[in-house]
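Structural features, examined
Single-letter residue listing:
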Amino acid sequence: MAEGHWIRGIADEILARKDDRIVIHTGKTPSGPIHIGAEREQFICSAIQRELRRRGVDSTFNFIIDSYDPIKSVPAGLEVPKGFEEHIGKPLSDVPDPFGCHESYAVHFAEEFVGCQQRLGLSPNIIYSHELYQQKEMKDTIRTVLRRLDDLREIRKRYIQEDDEISTDDWNPVMVICSRCGKLASKRKEVAPNRVTSWDLSKDEVDYTCTSCGYEGEGKIADTRLKLSWRVDWAAKWAVFKVTCEPAGKDHCVKDGAYDMGLEVCSRIFGYRGPLRVPYEWLTLGAHAMKTHKGITFTPVGWLRIAPPEPLRYMILSVDPMRHIAFLPDRIPDIVDNFDRIERIYFGVEEPSGNESREYLHDLYEICAVGTPPKELPARLPYRFCVYMVQLEALFGQKKVLSKSVEYLSKLSGKKTLKDGELGDLKKRLSMAKNWVASYAPQSLKFQISTEAPSYKPKTEAERSFITAVIALLERGLPEGDLQNEIFNTARSLGMEIGEAFSVMYRILLGSERGPRLAPLLMALDREWLLRRMRSVL
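Read on for a plain summary of the structure.

Thresholds applied
- Residues numbered from 1 in each chain as written.
- Predicted model: local features only at pLDDT ≥ 70, side-chain atom pairs only at ≥ 80, totals over all residues.
- Heavy atoms only, no water.
- Salt bridge = Lys/Arg side-chain N within 4 Å of Asp/Glu carboxyl O.
- Helix = DSSP H or I, 4+ residues; strand = E, 2+ residues; numbered from the N terminus.
- Buried < 20%, exposed > 50% of the residue type's maximum accessible area, 1.4 Å probe, protein only.
- Core = buried A, V, L, I, M, F, W, Y, C linked by side-chain atoms within 4.5 Å.
- Pairing = 2+ DSSP bridges.
- Axes fitted to C-alpha atoms, helices over the stretch in contact; angles between N-to-C directions.
- 1 Å grid on protein atoms, 1.4 Å probe; cavity = no way out; pocket = protein on both sides within 12 Å on 5 of 7 lines; lining within 4 Å.
- Points joined across faces, edges and corners; volume = space filled by probe spheres on them.
- Nonpolar A, V, L, I, M, F, W, Y, C, P; charged D, E, K, R; others polar.
- Phe/Tyr/Trp six-rings, centres within 6.5 Å; stacked < 30°, edge-to-face > 60°.
- Lys NZ or Arg CZ within 6 Å of the ring centre and 35° of its normal.
- Expected span 1.5 Å × (residues − 1).
- Polar contact = N/O pair within 3.5 Å; in protein donor to acceptor, adjacent residues only side chain to side chain.
- Contact = heavy atoms within 4.5 Å.
- Right-handed = clockwise from strand over helix to strand, strands pointing away.

1. What about the pattern of salt bridges?
Side-chain pairs of opposite charge can arise whenever the charged atoms involved come near each other. Counting across every chain of the model gives 37 salt bridges. Across the salt bridge formed by Asp204 and Arg143, the nearest N and O atoms sit 2.7 Å from each other. Here Asp204, found in the loop between strand E7 (196–200) and strand E8 (205–209), pairs with Arg143, found in helix H5 (residues 136–147); they are 61 residues apart in sequence, far enough to count as distant. The class of Asp204 is buried, set by a relative accessible area of 16%. With a shortest N-O distance of 3.0 Å, Glu393 and Lys434 are connected by a salt bridge.

Right, dumping it as structure tokens:
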């Protein structure tokens, strides 16, 4: 790639619109724990805002929490109080928090997600739709919809098949929260929303029949709790906020899909041309789509327990939006260490590979950094090294693991003294790696050093010579890469199979024939302890 990051092209298209104000939007329904797939849309918006700021252009970034949507089911695996299912059909903002710590179900799961966004480098304006719908601007969109309902039905007919919902001739997108039972919709086999059945705009009044309790109600538009169905709701918000750009999943962006319908509704019904669309592919949990209602989730809070925020931005923003991302937590060490490599390239300490563009990687690093990029390369303890170190706590204790980590990082970075921020980062990485090992590490990266004296004794002269040679290599204090290569070369020079040679080392250290990558393990161990251990078998 011989050009800057793909975000530049999106910024060019935004500026070409020549909007008076640039407003970037995204949104999410807090129907349960919000997974990291939602961050793809968030990070695209954040990257756009950063690129515009780099060009000296101000913008507004809004995150709409669709708290006025009805709760349709209890997500799989979510423990709720007895009788909680009675709330099905109510707006999420009216459903009690099953954990009792927030004012509502909506706020609980929204705040869980929103609460970590600043740590991920985002600072959007947070807007709850249940509050938004009480404002005059949204009430006016409802009046507009009722006034232009015939035109809206004609638009809908070209995008929605008759059997997808109710007949187009009877369809009304204005939904009502029943003043008696508090429900927005009933759910038996399908969700059946309460819709306005008649209205008088001269009196600003509507009538409705509740599909849940059968109540026939009426009220003023200004006072009644009303909501638009989602496709019209989307277009209405675009018009109210004069949205310049809103990313959306690929399913909404197909020809004649929800985005196309929204743009036509926005233009013809609300008189605003609508935003620039940025379609994106899914971020899945391995081969599985993350679905809140099925309990298939991995949340941003979960990520921050096991990894720094910048590598999450890197994982998402390093690929074109229309490329699928399959994430599994066992990839964390590679993702973190790959981001560290991009950071070293940014500061000129490492060179890009032959097919990499320095300009692209420069842009990528700047949109992945949380806050302002540092002025000089920070000393970072490699995550994979952390994975080895934290598994040695049982043998050496936490203090020894920390001092060994500091010693290793000082040598790796060439800094005699680490800054406070670098020490803090080192401690965080050790803690994160400890959480990752406990929850996600594959067996190939797990190990336990035997505290008992090794039962292994060399059986051949080649094995004895190999152990003696490795001791000599360890005494030289070689870097990890050189140590790995020299161990390979030593085994070959003695006519030993590589697997056979490594098995010798694992038997001495672990009491088993297999283990994790050898050189990182040797680097993590205390050298004096390691040398004593190896000499003890000769």
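2. Structural notes on the nonpolar core
One finds Trp303, Met315, Phe327 and Leu509 to be the most contacted residues of the largest nonpolar core, which totals 105 residues. In this structure, Tyr133, Leu149, Ile221 and Val265 belong to the second largest nonpolar core, which totals 47 residues.

3. Here we look at the sheet that holds E8
Spatial strand order, E7-E8-E9: three strands in an open sheet with antiparallel pairing. Edge positions in the sheet fall to E7 and strand E9 (216–220), since each of these pairs with one other strand and no more. Across the sheet, the mean angle from the axis of one strand to that of its neighbour is 20°, orientation sign disregarded. In this sheet, E8 lies alongside E7 in antiparallel orientation, the contact comprising four bridges. Counterpart to Val196 in the pairing with E8 is Tyr208.

4. Describing the layout of surface pockets
In this structure, the second largest pocket occupies an estimated 550 Å³ of space. When contributions to the lining of the second largest pocket are tallied by element, the ones reaching two or more residues are helix H12 (332–346), helix H14 (383–390) and helix H16 (398–413). For the lining of the second largest pocket, the leading source of residues is H12, giving eight residues. Residues belonging to the lining of the second largest pocket are distributed by class as follows: eleven nonpolar, two polar and twelve charged.

5. Description of the packing of aromatic side chains
Within the structure shown, the criterion is met by 24 aromatic pairs. Both rings, one in Phe99 and one in Phe109, keep their centres 6.3 Å apart while their planes meet at 75°; by these two values the pair is edge-to-face. Placement of Phe99 in the loop between strand E2 (60–65) and helix H3 (105–114) and of Phe109 in helix H3 is noted, with a sequence separation of ten residues between them. The exposure class of Phe99 is partly exposed, given its relative accessible area of 42%. Seen in terms of ring centroids, Phe396 and Trp529 are 5.5 Å apart; in terms of plane orientation they differ by 90°. Their pairing is edge-to-face. Of this pair, Phe396 sits in helix H15 (residues 393–396) while Trp529 sits in helix H22 (residues 527–535); the two residues are 133 residues apart in sequence, bridging distant segments of the chain. Residue Trp529 is classed as buried on the basis of its relative accessible area of 14%. Three or more aromatic residues joined by ring pairs form one cluster here, namely Tyr314, Phe339, Tyr346, Phe347 and Tyr365. One cation-aromatic arrangement involves Lys242 over Tyr272; the distance from NZ or CZ to the ring centre is 5.6 Å. When the ring centre of Phe43 is taken as reference, the NZ or CZ atom of Arg313 above it lies at 5.0 Å.

6. Overview of helix H7 (residues 230–241)
Structurally, the α-helix is built with 3.6 residues per turn, so residues lying three or four positions apart point the same way. With twelve residues, H7 ought to run about 16 Å at 1.5 Å a step, and its terminal C-alpha atoms sit 16 Å apart, in line with that. Counting buried positions along H7 yields nine of twelve residues, so the element is predominantly enclosed. Where H7 is concerned, the buried positions are Val232, Asp233, Trp234, Ala235, Ala236, Lys237, Trp238, Ala239 and Phe241. Lys242 sits one or two positions beyond H7 and adopts a positive phi of about 50°.

7. Here's the deal with the side chain of Arg429
Considering the arrangement of structural elements, one finds Arg429 in helix H17 (residues 420–439). A polar contact is formed between the side chain of Arg429 and the backbone oxygen of Leu381, at a distance of 3.0 Å. Residues contacting Arg429, with those up to four places away along its chain left out, are Pro308, Val336, Asp340, Arg380, Leu381, Pro382, Tyr383 and Cys386.

8. Details of the pairing of E2
Counted residue by residue, E2 has five buried out of six residues, so it is predominantly covered. Pairing geometry for strand E1 (residues 23–28) and E2, over six bridges, is parallel. Within E2, the position partnered with Lys28 by the bridge is Ile65. Each parallel crossover has a hand, and for E1 linked through helix H2 (residues 38–54) to E2 it is right-handed. Both E2 and strand E3 (residues 125–128) contribute to a ladder of four bridges, which runs parallel. Note on E3: the bridge partner recorded for Asn62 is Asn125. Between E2 and its parallel partner E3, the chain crosses via H3, and the hand of that crossover is right-handed.

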